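# Structural overview for review
Chain residues, written in single-letter form:
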Amino acid sequence: MVIASTALSACSGAGGGGTSSDGKTVNVLMVNNPQMLDIQKLTAENFTKETGIKVNYTVLPENDVRDKISQEFSSQAGQYDVATISNFEVPSYAKNNWLAPLDDYVAEDTAFDQDDVLGSMTKSLTAEDGKLYAEPFYGESSFLMYRKDVFQAKGLTMPEKPTWQQVADLAAKADNAQPGMRGICLRGLPGWGEVFAPLTTVVNTFGGTWFEKDWTPKVNAPEFVEATNFYVNLVRSHGESGAPQAGFTECLNNMQQGKVAMWYDATSAAGSLESSDSPIAGKVGYVEAPVVKTKSSGWLYTWAWAIQKASKRQDNAWKFISWASSKKYEELVGNELGWARVPAGKRQSLYDNPKYQDAAAAFYEVTDLAITNADPENPGVQPRPAPGIQFVGIPEFTDLGTQVSQEVSAAIAGRQSVKEALDKGQDLAQKVADKYK
């Protein structure tokens, strides 16, 4: 992964936290996903030109940015004014008083139109105290992407609502459909938000869970083991090369470069796959997340903008957020970069927009369905002690999920068995459970 730090019209170094004499700056720390790279290109000529506010971006891969944001916000260093956090962090960050509430800004900024933001997104970014602490840049669920042309050439048919066993069978048949092509891409990179994002949805639909309602850990229970064995065997047998180090970005590259025939991951990927500069635009089909025992299994997630409580430039920070999450910004991306690349999944008006519907015809309905069907309160076959589909909504999950993910990634690499990995995971989960019981 390339770690990029970019300053746009900045008078202090990118992410340097410097203050200019007129205070017209804002320091933004964000993940290096495609939508964030797009906003870098558009900021100086639009936001800065309109407001005079210079934006210093620091852009890092997902695991790195999570660590840096956690360190920055927990210390309240004030170096960064805005950061991309998710619906996972909002409850605990708000409880720890690390975030500035946005309600007053929203009330005064009527042009922002909070009512247009999807209810599931607003709810997921509202803390227990009833205050709103972040605004979505884009929202996502998960679904299965596949090469329609490859399937047609091989005489393969993708069900509208596939099971995981059907996906495994199709992956075997799609192997080497084109020279060097593998059947599927699945994340194997360690990280609670990397390999365990898709894998936990597989665990859910196989009937497993991290914890039962009473906090009994179930990481090495038969259902969790069966799901993880399935996932590990599938990626080892028919997955991408270098799977133990493949995250979202690597799988996106593999899909675009024709190295894989299928990919199960975030719905937000579709905008990149269908972009005018994508070599496979128009060749990809999209269907609901595969299931086993549940009706649906797609996750619910948003990369959202939040203001650090210690920021000395909160007004500037809100102006940036108001622009970055606005209908106006979506129009800008649509007109400048193409409507398929608009950061979607957050505003109803976008899904009602004929221009977007036309550009995103291949995937927008499936995406909307996936986000609507996602149920963080009830994602599996048994009651849970905390909300979350692809994560457990407790602060300890960042460490727990990451440690267990390292063991699973080692199993993908063939260095240990799944059972060995999950037995270690069970011990780690028990320590977390002991805090809550």
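The name that an unreviewed UniProt entry assigns to the chain is Sugar ABC transporter substrate-binding protein, with the source organism given as Cryptosporangium minutisporangium.

## Examining helix H16 (residues 364-373)
In an α-helix, one turn spans 3.6 residues; hence positions three or four apart end up facing the same way. Among the residues making up H16, those that are buried are Tyr-364, Val-366, Thr-367, Ala-370 and Ile-371. Seen from one end, H16 has its buried residues packed into an arc of 160°, which puts them on one side. Counted as exposed and oriented over 90 degrees from the buried face of H16: Glu-365 and Thr-372. Tucked inside the fold, the buried residues of H16 contact helix H5 (119-124), strand E5 (135-140), strand E6 (142-147), strand E8 (284-288), helix H14 (348-351) and helix H15 (354-359).

## With respect to the state of the cysteines
The term disulfide refers to a covalent linkage connecting the sulfur atoms of a pair of cysteines. What the rule picks out here adds up to one disulfide. In this model Cys-185 forms its disulfide with Cys-251; the gap between the sulfur atoms is 2.4 Å. Classification of the bridge connecting Cys-185 and Cys-251 rests on its S-S torsion, roughly -80°, and on that basis the disulfide is left-handed. In this pair, Cys-185 is assigned in the loop between helix H7 (164-174) and helix H8 (196-205) and Cys-251 in helix H10 (residues 248-256), connecting sequence segments 66 residues apart.

## Some details on H8
Counted residue by residue, H8 has ten buried out of ten residues, so it is predominantly covered. Its buried side turned inward, H8 meets H7, helix H9 (222-238), strand E7 (262-266) and helix H17 (397-412). Once H8 finishes, Gly-207 follows within two positions and takes phi at roughly 100°, a positive value.

## Describing the pairing of strand E4 (residues 82-86)
In terms of burial, E4 is a largely internal element, five of the five residues being buried. The side-chain alternation of E4 yields two buried faces, one formed by Val-82, Thr-84 and Ser-86 and the other by Ala-83 and Ile-85. In this sheet, E4 lies alongside strand E2 (residues 25-31) in parallel orientation, the contact comprising two bridges. Paired with Leu-29 across the two strands is Ala-83, which belongs to E4. Relative to strand E9 (residues 301-307), E4 is paired through five bridges, and the arrangement is antiparallel. Bridged to Ser-86 within E9 is Trp-303.

## A closer look at the sheet that holds E8
In space, the three strands of this open sheet follow the order E7-E6-E8, with antiparallel pairing throughout. Lying at the two open borders of the sheet, with one neighbouring strand each, are E7 and E8. Strand-to-strand twist in this sheet, taken as the mean axis angle between neighbours without regard to direction, amounts to 30°. Sheet topology note: the E6/E8 ladder contains five bridges and is antiparallel. Opposite Met-145, over in E8, you have Tyr-286 as the bridge partner.

## As for the confidence of the model for the chain
Per-residue confidence for the chain averages 93 on the pLDDT scale, and 95% of its residues sit at or above 70. Confidence over residues 1-22 falls short of pLDDT 50; this stretch has 62 contacts with residues more than four positions distant or in other chains.

## Brief notes about the packing of aromatic side chains
Overall, the coordinates contain 33 aromatic pairs when judged by the stated rule. Here Phe-248 and Trp-263 contribute two aromatic rings whose centre-to-centre distance is 5.5 Å and whose plane-to-plane angle is 45°, an arrangement assigned as tilted. In this pair, Phe-248 sits in helix H10 while Trp-263 sits in strand E7, placing the two residues 15 residues apart along the sequence. Both residues of the pair, Phe-248 and Trp-263, belong to the buried class. Through successive ring pairs, a cluster of aromatic residues spans Phe-47, Tyr-57, Phe-137, Tyr-138, Trp-305, Phe-320, Trp-323 and Tyr-329. The ring of Trp-192 is capped by Arg-66, whose NZ or CZ atom sits 4.2 Å from the centre of that ring.

## Here we look at the nonpolar core
General note: in soluble globular proteins, nonpolar side chains tend to be found buried as a group. Formed by 146 residues in total, the largest nonpolar core has its most connected members in Ile-39, Trp-210, Met-262, Trp-263, Trp-305, Phe-320 and Tyr-356. Top element by residues in this core is H9. It accounts for eight residues. Sequence-distant contacts of Ile-39, defined by excluding residues within four places in its chain, comprise Met-30, Tyr-57, Phe-137, Trp-305, Phe-320, Trp-323, Ala-324 and Tyr-329.

## What to know about the pattern of salt bridges
Going through the model one piece at a time under the given rule, you end up with 18 salt bridges. In this structure, the salt-bridge partner of Arg-66 is Glu-62, at a minimum N-O distance of 2.6 Å. One end of the pair, Arg-66, and the other, Glu-62, are both in helix H2 (residues 62-75), four residues apart, so they sit about a helical turn from each other. One exposure class covers both Arg-66 and Glu-62, and it is buried. When the shortest N-O distance is used, the salt bridge between Glu-212 and Lys-218 registers 3.8 Å. The class for Glu-212 is partly exposed, based on a relative accessible area of 31%. When salt bridges with common partners are traced through the structure, they connect Asp-38, Lys-41, Asp-277 and Arg-341 into a single cluster.

The rules behind these values
- Residues numbered from 1 in each chain as written.
- Predicted model: local features only at pLDDT ≥ 70, side-chain atom pairs only at ≥ 80, totals over all residues.
- Heavy atoms only, no water.
- Buried < 20%, exposed > 50% of the residue type's maximum accessible area, 1.4 Å probe, protein only.
- Helix = DSSP H or I, 4+ residues; strand = E, 2+ residues; numbered from the N terminus.
- Arc of directions from axis to C-beta.
- Contact = heavy atoms within 4.5 Å.
- Disulfide = S-S within 2.5 Å.
- Pairing = 2+ DSSP bridges.
- Axes fitted to C-alpha atoms, helices over the stretch in contact; angles between N-to-C directions.
- pLDDT = per-residue confidence, 0-100.
- Phe/Tyr/Trp six-rings, centres within 6.5 Å; stacked < 30°, edge-to-face > 60°.
- Lys NZ or Arg CZ within 6 Å of the ring centre and 35° of its normal.
- Core = buried A, V, L, I, M, F, W, Y, C linked by side-chain atoms within 4.5 Å.
- Salt bridge = Lys/Arg side-chain N within 4 Å of Asp/Glu carboxyl O.

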